[in-house]
Amino acid sequence: MIKFIIGIISGLFSGMGIGGGAILMIFISLFMNENQLTAQGFNLLYFIPVALISGLVHIYKKQVDFKSLKIFIPLGIAGTAAGSFLAFVIPVKIIKILWGIILLCLGIKEIISFFKNLNEKRKHKTLN
Amino acid sequence: MKKILSSNKFNKIKLSSGAFLTGIISGIFGGGGGLLAVPLLKKYGGKNNNGLEVKKSHATSVIIILFLCIISSIIYLYKGSFNITDVIPYAAGGIFGGITGAFLLVKIPDKYIRLMFSLFMLYAGFKMILGVFK
């Protein structure tokens, strides 16, 4: 049941377009105490149906640039294959620390843009 | 020199090397490819590698992430980091939440959700790092 609820929460966030994957990874790794690589594997698999559905919608709306895809996908796949094998070689502690740093940066970035938004709104009000 | 650096050919090289890097990061961390792919497409994507609009960059990155996720989940599965059956409860919730989220998107001011999200990220980031040194 808890797992289902965690899925709902991260689904909610990815539906809104903000880091649903990060949230799923955090819950599984930090609160369900699963192995870090298990959490990452879940994260990857979880994203396939989500990306498939929204990807089809984007293609249908003609928002996808196929020329960039031609360059990006083969090289990206080569990189991800190398990276996935590296994930099992690099000590888990280092991956966790790097993840921690990424999460902190994401948090700081979002907070900065929150206050920027507030400021801009205030400026707008005084201008009017 | 500057002209050479900003030429289309050079932008294509930047996009290609960026694509490889995006793949590596996504493979090591099990996600996060979008964080790199979107800004790369914005700058170097498109017809003449002069950059794509924001909306198209996001849409295109989704397709890229789909491919990267498929490849790396196969490798993660092969390496035995998890079983498919373990994911089912999360995925079921995820699909339900994703649909609800898309509908709610219109109704809730996302400003405060984003603030909550960022505070949660900070908390999780600290917890993640401190957990290593326990």
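What comes next concerns the included structure.

Overview of the overall build of chain B
- Broken down by element type, chain B carries six helices and zero strands.
- Reading the helices (α) and strands (β) of chain B from amino to carboxyl end gives α-α-α-α-α-α.
- Counting only residues that meet the buried cut, chain B has 43% of its 134 residues in that class.
- Looking at chain B alone, contacts between residues at least 24 apart form 39% of all its contacts between residues at least 6 apart.

Side note on the packing of helix α4 (residues 66-87) of chain A against helix α2 (residues 8-29) of chain B
- The contact between α4 of chain A and α2 of chain B brings their axes to 6 Å, and the two run at 35°. Helix-helix and strand crossings are classified by hand; for α4 of chain A and α2 of chain B the assignment is right-handed. For the pair formed by α4 of chain A and α2 of chain B, the contact residues are Ile-71, Phe-72, Leu-75, Gly-76, Ala-78, Gly-79, Thr-80, Gly-83, Ser-84, Leu-86 and Ala-87 of chain A on the first element and Lys-12, Leu-15, Ser-16, Ala-19, Phe-20, Thr-22, Gly-23, Ile-24, Ser-26, Gly-27 and Ile-28 of chain B on the second.
- Considered class by class, the residues forming the contact of α4 of chain A with α2 of chain B number eleven nonpolar, ten polar and one charged.

Quick notes on helix α3 (residues 33-44) of chain B
Residue and element names in this part refer to chain B.
- The end-to-end C-alpha distance of α3 is 16 Å, a good match for the 16 Å that twelve residues give at a rise of 1.5 Å each.
- Buried residues of α3: Gly-33, Ala-37, Val-38, Leu-40, Leu-41 and Tyr-44, and no others.
- Immediately beyond the C-terminal end of α3, within one or two residues, lies Gly-46, with a positive phi of roughly 90°.

Structural notes on the interface of chain A and chain B
- Between chain A and chain B, the contact holds 84 residues from the first and 82 residues from the second.
- Across the chain A/chain B interface, buried area totals approximately 7600 Å², and carbon plus sulfur atoms make up 83% of it.
- Across the contact surface, chain A and chain B share zero salt bridges.
- Counting the contacts that link chain A with chain B gives eleven residue pairs in polar contact (both at pLDDT 80 or more).
- Those elements that provide at least two residues to the side of chain A that touches chain B are α1 (2-15), α2 (20-31), α3 (36-60), α4 and α5 (92-127) of chain A.
- Considering each element in turn, the side of chain A that touches chain B owes the most residues, 19 residues, to α5 of chain A.

Description of the environment of Tyr-90 of chain B
- You can see Tyr-90 of chain B is positioned in helix α5 (residues 84-104).
- For the pair Tyr-90 of chain B and Gly-23 of chain B, spaced 67 residues apart in sequence, the C-alpha to C-alpha distance is 25 Å.
- Non-local contacts of Tyr-90 of chain B, meaning those with residues more than four positions away in its chain, are made with Lys-3, Ile-6, Gly-7, Leu-24, Ile-28, Met-32, Phe-42 and Tyr-46 of chain A.

Details of the packing of aromatic side chains
- According to the stated counting rule, one finds seven aromatic pairs over all chains in the structure shown.
- Taking 5.3 Å as the distance between ring centres and 80° as the angle between the ring planes, the aromatic pair formed by Phe-114 of chain A and Phe-115 of chain A counts as edge-to-face.
- Ring-pair connections join several aromatic residues into one group, and the members of that group are Phe-27 and Phe-31 of chain A together with Phe-120 of chain B.

Parameters at a glance
- Residues numbered from 1 in each chain as written.
- Chains lettered and ligands numbered in written order.
- Predicted model: local features only at pLDDT ≥ 70, side-chain atom pairs only at ≥ 80, totals over all residues.
- Heavy atoms only, no water.
- Helix = DSSP H or I, 4+ residues; strand = E, 2+ residues; numbered from the N terminus.
- Buried < 20%, exposed > 50% of the residue type's maximum accessible area, 1.4 Å probe, protein only.
- Contact = heavy atoms within 4.5 Å.
- Axes fitted to C-alpha atoms, helices over the stretch in contact; angles between N-to-C directions.
- Left-handed = near helix turned anticlockwise from the far one by under 90°.
- Nonpolar A, V, L, I, M, F, W, Y, C, P; charged D, E, K, R; others polar.
- Expected span 1.5 Å × (residues − 1).
- Buried area = accessible area lost by both parts, 1.4 Å probe.
- Salt bridge = Lys/Arg side-chain N within 4 Å of Asp/Glu carboxyl O.
- Polar contact = N/O pair within 3.5 Å; in protein donor to acceptor, adjacent residues only side chain to side chain.
- Phe/Tyr/Trp six-rings, centres within 6.5 Å; stacked < 30°, edge-to-face > 60°.

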